Each structure stands twice: as structure tokens, then as C-alpha cells.
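A look at the structure
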Amino acid sequence: MRSSDFSYFSAMFSGKKVLIGISGSIAAYKIVHLVRLLVKEGAEVKVVMTHAAKDFVSPLTLSTLSKNEVLSDLFEADSWANHVALGRWADLLLVAPLSCNTLAKMANGLCDNLLLATYLSATCPVMVAPAMDEDMWHHPTTRENLGRLAAHGCHVLPVAHGELASGLIGEGRMAQPEAILEAIHAFLITAQDFNGKKVLITAGPTYEAIDPVRFIGNHSSGKMGYALAKEFQRRGAAVTVVSGPVSLPALPAPIETVKVQSAGEMYAACMEHAATYDIAVMAAAVADFTPGAIAPEKIKKSGAALTLNLEPTKDILATLGNQKRDGQVLIGFALETNNEEANARQKLERKNADAIVLNSLNDTGAGFGKATNKITILIKDGQTYFFETKTKEAVATDIANTVLKLIP
């Protein structure tokens, strides 16, 4: 049986309260559309702006659409904006766009405007949608600051790839309003339907050492695995992530992260949890082969050809499949380049998994390192679910929703 794409989300935001903080970025113009979408779906929306944000979007426009006064000053005339009340009123604080400057201030606890005061006193969940030029986005300080926000429990939305305000083409564009709306849907509407479940996730690549300097690896970024970890944790699961070497912000503290380098280390870490997990999602791109011997010193270039003796690594998915007890749900991933569905279906059967998430490098928007993915989920009983290209956060929601159907 083949099923079309489905949505888990409620149709309306009735009764939900969203506080939007706008910082100074050209991407602020997109928030006008987002406010309209939220209000149209029944949400109550309030807006806080930095003074810099007013150069990019009109408070009058936002107050008209939100039906609430737009705030930007801690003190005005004989009154003050109660930032504590704002942070307690909201079901979600969304900072969008999150400029590089406001990111740095949030990460370091600065409090020199109403938006920052509201953030620091907020008791509600916080979501941020960064927007900046590519070089700023990739700067080590930016990565460190994003890691701090993630460690503090902030939900960081991915940036998009495209034309930037500088005229360059690259990463750094704020997510589109529809993508942000979808993320808010998932965050506010989804129930705690994985309460009491232990979820094991693998993420990222593995590096197989050749010598102390070189290794065999792949281009996996770990974004999909990390998005899955946040999704399951947000929905009530106790999550353990076995992560290969990635350059991503640290996962929030409720998620246990086990850092590994090689396929052997990932295998060993997974086996420690083999008897206790309820759900395992093997999203990592694990090396199929590893050098038979690691040179103790750097191999010098001599001009002669170098031959490596490669040996197969231990198969984590197959081992978990062979050991799987009643009640455990095991999900594998398959990245294919040809005969995609047939190869994925064979893998599903060989590994004794309950489902396989299929990616194809032939699909636009799918593959290593991208902020989006396009998946097909093949179920052991013969069903196949097809999904359109989405952000990896939205894909994680689709995968979790499918897993929910497989729990006995």
C-alpha cells in the first residue's frame, strides 16, 4: 500500500500565544507575512522590536496585523513595558530574524533593550531564526554563540541557501515564513507522545584513521540525526545520541550525547544501549570499510602508489536487528543513487529493521550537508510513505510521526 504525504499538525493555533522578537536585519520584512499567517490560524501575536529593526519594517504595519501594540522600549513616557509579564504570557518566544549582533548579546547574557530583557526573563520555550551573511554565519564566534543558545535550550531553526543582501549566494538566509510556521506548528501543537520511551539515535559521519593525520570519511553533517534528537526529546522521550565528528551546536542538556570518531567506537556505544532502547533510529553515515592497520606515524609522500587494505566494519543496524526484542522499534537509513526503492527494500529485509528512511542523491534538496531533505519511508509490512522536500526539522517530525504508528 502506498500512502501520500500526511500532516500531523492541527489546522489552527486557537488559544496559542506567540511573542515575536524582531532584531535589525533586512529579513525583518518576512515577519509581516508570518504575523499574518499566525493570526489567520487563530494565534494571539505580540511583537517586540529592537530600535534597529524599525529601519527595516514598520511598527504600524505589525501592530495593524497583530492587533496588538508593538513594543520596543523598556520605558516610554510615564509607563514601562513589563518584560517579565511578556515572557510569562507567551507559549513561545520567537526571535526572527536573529541578527548576528542580537545572537551575540543573547549568548552572553547582555540586557540593553526590551527584546533582550524579555528573552532573559522568559519562562516559555524560545525559538530563533538566524539571518546574516554567509561569512558571518560560518564565523567560529557565530558557531560558538549558536552552540550556547542551543545548550540553553533554544530551538535554532536552520538557515536557507540562496541570494543574500550582500549579493552573494550562500547560506545565511532566514527561513521562509511558511517554514517557520511549520516549525511553530510542530513545537506548539504536538503532544508529549513519546513520554517514557528511550530513544537511541546515531548521527554524523565516522572517521576511519589511516595514520595520525589522515582518515577515510564522508560528507555527512549530522544535521538529520541532531534534528531527530531534538524532535524526540521535545515530545517527551529520553534521548541518547551517538554522534560522529560534526560541526554543529551542542545538543541541549536533556539529551545525552556520546561523542565517537570511528565506526568501531559507534558500534560499541550502540551495543551498550542495545538491550534498553525502545526506539532506535540509525541516521549516521557509518563507514562500511576501515583500514586493516593504522600507521603509527604520518605516512610520507614518496611518489609511489599507496595501497590500503580495507576491512569491513561491524554492521550496527544488522546487529541491532538480530538482537531486537519484542516491543523495540528499529529504523534504518538508506542513501541510494540508483534503484533506490528496490535497494532500500532489500536493506529493510536484510537488517530486520521495522522501517527504512530512503534518501536519493538524485533528488534536489536531499543529500549530505543540506538544510533540507526529501525522504521516502518504507515500512516492514509493505507500506510506503512519500514526502516532499522539507527542512530537516520538518523531516524529523515526519519520521517521528511514522515511528509513532509502529510502536506496539
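This text gives an overview of the structure that appears in the document. Bear in mind the structure is a predicted one, so any value in this text is a computation, not a measurement.

Describing helix α4 (residues 100-107)
- Those residues of α4 not exposed but buried are Thr102, Leu103, Lys105, Met106 and Ala107.
- Packed against the buried residues of α4 are β6 (92-98), α5 (114-121), β7 (126-130) and α7 (140-151).
- Taken from the residues just after α4, Gly109 is the one with a positive phi, measuring 75°.

Description of empty space enclosed by the protein
- The full count for this structure, using the stated rule, is two cavities of 30 Å³ or more.
- Along its surface, the largest cavity is lined by 20 residues, and His155, Leu157, Ala183, Glu393 and Ala394 are the ones closest to its centre.
- Only α8 (177-189), α9 (223-234) and α13 (392-406) provide two or more residues apiece to the lining of the largest cavity.
- Sort the elements by how many residues they give to the lining of the largest cavity and α8 lands first, with six residues.
- Counted as a void, the second largest cavity has a volume near 30 Å³.
- In terms of lining residues, the second largest cavity is bounded by Ile331, Ala355, Val357, Ile377, Ile399, Thr402, Val403 and Leu406.
- If one sorts the elements of the lining of the second largest cavity by residue count, α13 sits on top with four residues.

Concerning the environment of Gly217
- Inspection of the secondary structure assignment puts Gly217 in the loop between β13 (215-216) and α9.
- Once residues within four sequence positions are removed from consideration, Gly217 is found in contact with Thr206 and Tyr207.

About the criteria used
- Residues numbered from 1 in each chain as written.
- Predicted model: local features only at pLDDT ≥ 70, side-chain atom pairs only at ≥ 80, totals over all residues.
- Heavy atoms only, no water.
- Buried < 20%, exposed > 50% of the residue type's maximum accessible area, 1.4 Å probe, protein only.
- Helix = DSSP H or I, 4+ residues; strand = E, 2+ residues; numbered from the N terminus.
- Contact = heavy atoms within 4.5 Å.
- 1 Å grid on protein atoms, 1.4 Å probe; cavity = no way out; pocket = protein on both sides within 12 Å on 5 of 7 lines; lining within 4 Å.
- Points joined across faces, edges and corners; volume = space filled by probe spheres on them.

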